[in-house]
Amino acid sequence: MGDLDPSGPERRRAARERALELLYEAEAKGVPVEQVVAELPVPPDDLAVELALGVDAHRERIDAELARRVAPRWSVSRLAAVDRAVLRIGTYELFEVPERSKAVILNEAVVLARRFGTDDSPRFVNGVLSAIAADARPPAGDGAAPAPDGEG
C-alpha cells in the first residue's frame, strides 16, 4: 500500500460511512440500494456494498427488531434518517456477520452517529444497539454458543 492508502480500520470506517450514504440516498430517492450502487460511476468499497445490500436484503427483520426496541415511544419511520440508517447497519452486522466483533460494530455505529447525527444520536444508537447485541450475541455460559469476536 502507498502512503496515501488508508489502513484497515480507516478503510473499514470509510466503507461504513459510504454504506450510510448509500442507504440514505436509496431511501431519499425511494429506490433499492442495488439501483443506487449500479448507477455509481465508480464502484464503492466491497464492504460498503456488502453492508448496504445486506441491510436492504434483511430490512424487514432489521426494522422489526428496531421497532421492538424503540416502540411504543417512537416508530422506525419517525427516527431521524441518519439514526435509522446507522441502526440498520449495526443491526445487520450484529445478526448477520457473527465473525465481526460486537465491540467494533457498536463503536463504529456510535462514531457514525456522532459524525452525522444529532447531539443525542450517539447515546441513542449505543443504547439501542447494545440492547440488540444482548439478544443477537448473548454472553457465553447461557447455553448459547459464543459468538466469534474477530476484528471487523
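Higher on the page you've got the structure.
As a convention, each chain's residues are numbered from 1 in the sequence order in which they are written. pLDDT decides what is reported in this predicted model: residues at 70 or higher carry local features, side-chain atom pairs at 80 or more are listed and counted, and totals for whole chains, interfaces and linings draw on all residues regardless. Excluded from the side-chain calculations are hydrogens and water; all other atoms, namely the structure's heavy atoms, are used.

## Some points on the side chain of Arg16
Mapped onto the elements, Arg16 comes out in helix H1 (residues 8–29). Taking relative accessible area as the criterion, Arg16 reaches 1% and is therefore assigned buried. Among the polar contacts made by the side chain of Arg16, one reaches the side chain of Glu93 at a distance of 2.9 Å. Helix and strand labels come from DSSP, where a helix needs a run of H or I of at least four residues and a strand needs a run of E of at least two; each type is numbered from the N terminus. Buried means the residue's accessible area, taken with a 1.4 Å probe over protein chains only, is under 20% of the maximum for its type, while exposed means over 50%, and partly exposed covers the values in between. Each polar contact in these results corresponds to two N or O atoms within 3.5 Å; when the atoms are within protein, one needs to be able to donate a hydrogen and the other to accept it, and residues that are neighboring in sequence are counted only if both atoms are side-chain atoms.

## With respect to the environment of Glu27
Relative to the assigned elements, Glu27 resides in helix H1. Given the relative accessible area of 32%, Glu27 is considered partly exposed. Between the C-alpha atoms of Glu27 and Ala85, which are 58 residues apart in sequence, the distance is 9.2 Å.

## Examining the packing of helix H4 (residues 59–70) against helix H5 (residues 81–96)
Relative to each other, H4 and H5 sit at 105°, their axes nearing to 10 Å. As summarised for this structure, H4 and H5 are arranged roughly perpendicular, according to the angle between their axes. Contacts between H4 and H5 involve Arg59, Arg61, Ile62, Asp63, Glu65 and Leu66 from the former and Leu87, Arg88, Thr91, Tyr92, Phe95 and Glu96 from the latter. Three classes are used, and their members are as follows: Ala, Val, Leu, Ile, Met, Phe, Trp, Tyr, Cys and Pro are nonpolar, Asp, Glu, Lys and Arg are charged, and the others, Gly among them, are polar. A class-by-class count of the residues in the contact of H4 with H5 yields five nonpolar, one polar and six charged. Convention adopted: a line fitted to C-alpha atoms gives each axis, helices being fitted over their contacting stretch, and angles between N-to-C directions are expressed from 0 to 180 degrees. Orientation labels follow simple angle bins: below 35 degrees gives roughly parallel, above 145 gives roughly antiparallel, 65 to 115 gives roughly perpendicular, and whatever is left gives oblique. Between two residues, a contact is recorded if the distance between any of their heavy atoms is within 4.5 Å.

## So, the environment of Glu108
You can see Glu108 is positioned in helix H6 (residues 102–116). Taking the C-alpha atoms as reference points, Glu108 and Arg13, 95 residues apart in sequence, are found 7.0 Å from one another. Contacts of Glu108, omitting those with residues within four sequence positions, involve Arg13 and Arg16.

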